[in-house]
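The lines below spell out each chain.
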Amino acid sequence: MSLQRIDKILSSQNISSRSNTKILIKRRLIRVNNKLVKKPEEKFDPETDIIEVEGRQLRFKKNLYIMMNKPSGILSASRDTRSETVIDLLPGSMRREGLFPAGRLDKDTEGFILITDDGELAHKMLSPKSHVYKLYKAQCDRKLTEDDVTAFGKGIQMGEISFLPAEMKLISDDTALVEICEGKFHQVKKMFQSVGAQVIKLKRLRIGEVFLDDSLAPGECRELSEKELNDILSRKHGF
Ligand code: URA
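Quantities reported herein were computed from a predicted structural model and do not represent experimental measurements. (Residues numbered from 1 in each chain as written. Predicted model: local features only at pLDDT ≥ 70, side-chain atom pairs only at ≥ 80, totals over all residues. Heavy atoms only, no water.)

This paragraph deals with the overall build of the protein chain. Check the secondary structure of the protein chain and you find six helices and 17 strands. A compact globule built from 239 residues should have a C-alpha radius of gyration of about 18 Å, whereas the protein chain, at 22 Å, is more than 25% larger. Each of the three principal axes of the protein chain carries a C-alpha extent, and together these read 70 × 35 × 35 Å. Residue burial in the protein chain is summarised as follows: out of 239 residues, 45% are buried. (Helix = DSSP H or I, 4+ residues; strand = E, 2+ residues; numbered from the N terminus. Rg over C-alpha atoms; globule rule 2.2 N^0.38 Å. Buried < 20%, exposed > 50% of the residue type's maximum accessible area, 1.4 Å probe, protein only.)

With that settled, the discussion passes to the nonpolar core. It is characteristic of soluble globular proteins that their nonpolar side chains tend to be buried jointly. I66, L90, I115, F152 and F192 are the most contacted members of the largest nonpolar core, which totals 32 residues. If you list the elements that add at least two residues to this core, you get strand 7 (65–70), strand 9 (110–116), strand 10 (134–140), helix 4 (146–154), strand 14 (175–180), helix 5 (187–194) and strand 15 (199–207). Per-domain counts for this core show at least three residues from each of domain 2 (63–130 + 212–231) and domain 3 (134–207). Other than its neighbours up to four places away in sequence, F152 contacts P165, A166, M168, V178, M191, F192 and V195. The next biggest cluster of nonpolar side chains, apart from the first, holds 15 residues, and it includes Y65, M67, A122 and I232. (Core = buried A, V, L, I, M, F, W, Y, C linked by side-chain atoms within 4.5 Å. Domains from an automatic or database assignment. Contact = heavy atoms within 4.5 Å.)

Once that is clear, we can look at the domain arrangement of the protein chain. As far as domains go, the protein chain holds domain 1 (4–57), domain 2 (63–130 + 212–231) and domain 3 (134–207). The centre of domain 1, based on its C-alpha atoms, is set 51 Å off from the matching centre of domain 3.

Spelled out as structure tokens, the structure:
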């Protein structure tokens, strides 16, 4: 990784603001490779240099990958003047510049949303070519039937829009699991609309091979493990 100013490194890692770093330097509290840092402009490689702030070694993270259980009523956007967004829900310890939700869930949809500052991963995950499967649980306003399962399995044409075949599994009278590998606007709701059913509750349960951690209450989040990060781009599917 390239050399960066110490004040920039520490602010990017949510360790210290630029103005606080000046104070820490004056108080001789920042060392790199066991030498005192004298000025905020000094540059280091955060991936190879050993940076210590107030005696604690920095664990540098180039990017953050956060799993959130998005509650209904929250926008999946970075910023909005009127509504609360998933970024607004992040705890202070996970805040840093450049975070955004990778993909969209409707305001009234709940469940797994990935928040990251890694544009490359988000691009790969969202590209239609990647065919990353996402699993949803949908509750509808009518009884669902095997005819609906067949219709989804064949793929759906709705005017100009076509949806690829999707696997559906009925789990109760009015609720089904649906797996899609595209991310068209309101896709799951529109697919149900095409068979005359209205989705009244929608929750995303899985992206790639990574399930939403069921210990996360709505609005809570945690970082992804390294394994989960690899599994998120997995193309395998099936219930
Ligand atoms: N499909 C929808 O209709 N809405 C979502 O939020 C996600 C998938």
